[in-house]
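# Summary of structural features
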Amino acid sequence: MINKFIIFFICLTTAVFADDFKCQHYEFDETNNWLCAHLERGTFQALAPDVLLSNKIPIDNDTIKKIEIVFSQAELSYEEGNYAKVEQDYRQLIKEQTHYAPAWIKQAQFYSDLNREHDALQTLHQALEVIADNADIYHEMGLVQVRLRSFSKAVTSLAKAAVKAPDNSHYSYVYGIALNSFQRPYKALDVLQQAHYRHPDNMEVLLALFAISQDINEQTKALIFAQKILLIKPDNDSAKRYMLKF
């Protein structure tokens, strides 16, 4: 079933051209400060070793502590501008923990922070050769590919991440936003609606559904999502204004 979904998504994205790409901005308050989720860079902060849930290889506590130390040291070296030390630390960590996806991803994010996007992409391709079909790697790859303007490839990577990690609402959200940016609002709504079924209280997904429904003049759907938003967040001004308007 997963493979069928991926083939379907790939067919949808093969006709996408760079000129079609636009970052959609919405008018209501909650989205005024949104960065395009599919354009985001990894902020260079130390992550807990178990933060990426699709890493399947069990790691003992001593190894986790060692990884935490490397992440912290790399962050400190980055703040000090010692980029050679950061790169060395991550290369050594990957050598020792080859099947640990977060190490590859943090190295790629480090390259992205230095505007070395091609190095970031190469790192992620190498990671997939070792850790096949990892949703977290596919997601990061999609973000890098967007920044490199490889838009059809980016949507495919984001699709794979969303399909392979259906419990990760953020991956579905980013994929949905990317589809909408490619002028595929109805497909975006479908992806986000499925994420909403799995995560009915997720505000990130609900706000996106609400915004896109307004953009395509689906007033009934927008009202439904506004009601759901207000049930969770009664002080949401944009949803309240929309309810009063209609």
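Residues numbered from 1 in each chain as written. Predicted model: local features only at pLDDT ≥ 70, side-chain atom pairs only at ≥ 80, totals over all residues. Heavy atoms only, no water.

## Some details on helix H5 (residues 101-113)
The end-to-end C-alpha distance of H5 is 18 Å, a good match for the 18 Å that 13 residues give at a rise of 1.5 Å each. When H5 is considered as a whole, its buried residues turn out to be Ala 101, Pro 102, Ala 103, Trp 104, Ile 105, Lys 106, Gln 107, Ala 108, Gln 109, Phe 110, Tyr 111 and Ser 112. Buried residues belonging to H5 abut helix H3 (61-79), helix H4 (83-96), helix H6 (117-130) and helix H7 (135-147). The first or second residue beyond H5 is Asn 115, which carries a positive phi of 60°. (Helix = DSSP H or I, 4+ residues; strand = E, 2+ residues; numbered from the N terminus. Expected span 1.5 Å × (residues − 1). Buried < 20%, exposed > 50% of the residue type's maximum accessible area, 1.4 Å probe, protein only. Contact = heavy atoms within 4.5 Å.)

## Notes on the nonpolar core
Core analysis: the largest hydrophobic core is formed by 35 residues, its most contacted members being Tyr 173, Tyr 175, Leu 192 and Phe 210. Elements that contribute at least two residues to this core include exactly H7, helix H8 (151-164), helix H9 (169-181), helix H10 (185-198), helix H11 (203-215), helix H12 (219-232) and helix H13 (237-245). Core analysis: the second largest hydrophobic core is formed by 31 residues, Ile 67, Val 70, Phe 71 and Val 86 among them. (Core = buried A, V, L, I, M, F, W, Y, C linked by side-chain atoms within 4.5 Å.)

## Quick notes on unusual backbone geometry
Not every positive phi belongs to a glycine, and Gln 183 is a case in point at roughly 60°. Tracing the backbone through its elements, the reader meets Gln 183 in the loop between H9 and H10. Relative accessible area serves as the criterion here: at 44%, Gln 183 is assigned to the partly exposed category. With a phi close to 60°, Asn 217 is a non-glycine residue in the positive phi region. Mapped onto the secondary structure, Asn 217 falls in the loop between H11 and H12.

## A look at H3
The end-to-end C-alpha distance of H3, which contains 19 residues, comes to 27 Å, matching closely the 27 Å that a straight helix rising 1.5 Å per residue would cover. Burial in H3 covers these residues: Thr 63, Ile 67, Val 70, Phe 71, Ala 74, Ser 77 and Tyr 78. Angular distribution of buried residues about the axis of H3 spans 130°; they occupy a single face of the element. Turned more than 90 degrees from where H3 packs its buried face, Asn 61, Asp 62, Lys 65 and Glu 79 sit exposed. Looking at the buried side of H3, the elements it contacts are H4 and H5. Just downstream of H3 lies Gly 81, where phi reads positive at about 80°. (Arc of directions from axis to C-beta.)

## Topic: the packing of H11 against H12
Axis separation between H11 and H12 bottoms out at 8 Å; the angle between their running directions is 150°. As far as their axial angle goes, H12 and H11 are roughly antiparallel. The hand of the H11/H12 crossing is left-handed. Mapping the contact onto sequence places Met 203, Leu 206, Leu 207, Leu 209, Phe 210, Ser 213 and Gln 214 in H11 and Lys 221, Ala 222, Phe 225, Ala 226, Lys 228, Ile 229 and Ile 232 in H12. (Axes fitted to C-alpha atoms, helices over the stretch in contact; angles between N-to-C directions. Parallel < 35°, antiparallel > 145°, perpendicular 65-115°, else oblique. Left-handed = near helix turned anticlockwise from the far one by under 90°.)

## Describing the pattern of salt bridges
Evaluation of the coordinates by the stated rule reveals eight salt bridges. Among the ionic pairs, Lys 164 bridges to Asp 133, the shortest N-O distance being 3.8 Å. In this pair, Lys 164 sits in helix H8 while Asp 133 sits in the loop between H6 and H7, placing the two residues 31 residues apart along the sequence. The exposure class of Lys 164 is partly exposed, given its relative accessible area of 23%. Looking at Asp 133, the relative accessible area reads 47%, which means it is partly exposed. Linking Asp 237 and Lys 240 is a salt bridge whose minimum nitrogen-to-oxygen distance equals 3.8 Å. Of this pair, Asp 237 and Lys 240 are both found in helix H13, three residues apart, which corresponds to roughly one turn of the helix. By relative accessible area, Asp 237 is classed as partly exposed at 37%. Owing to a relative accessible area of 35%, Lys 240 belongs among the partly exposed residues under this scheme. Residues participating in the shared-partner salt-bridge network are Glu 87, Arg 91, Arg 116 and Asp 119. (Salt bridge = Lys/Arg side-chain N within 4 Å of Asp/Glu carboxyl O.)

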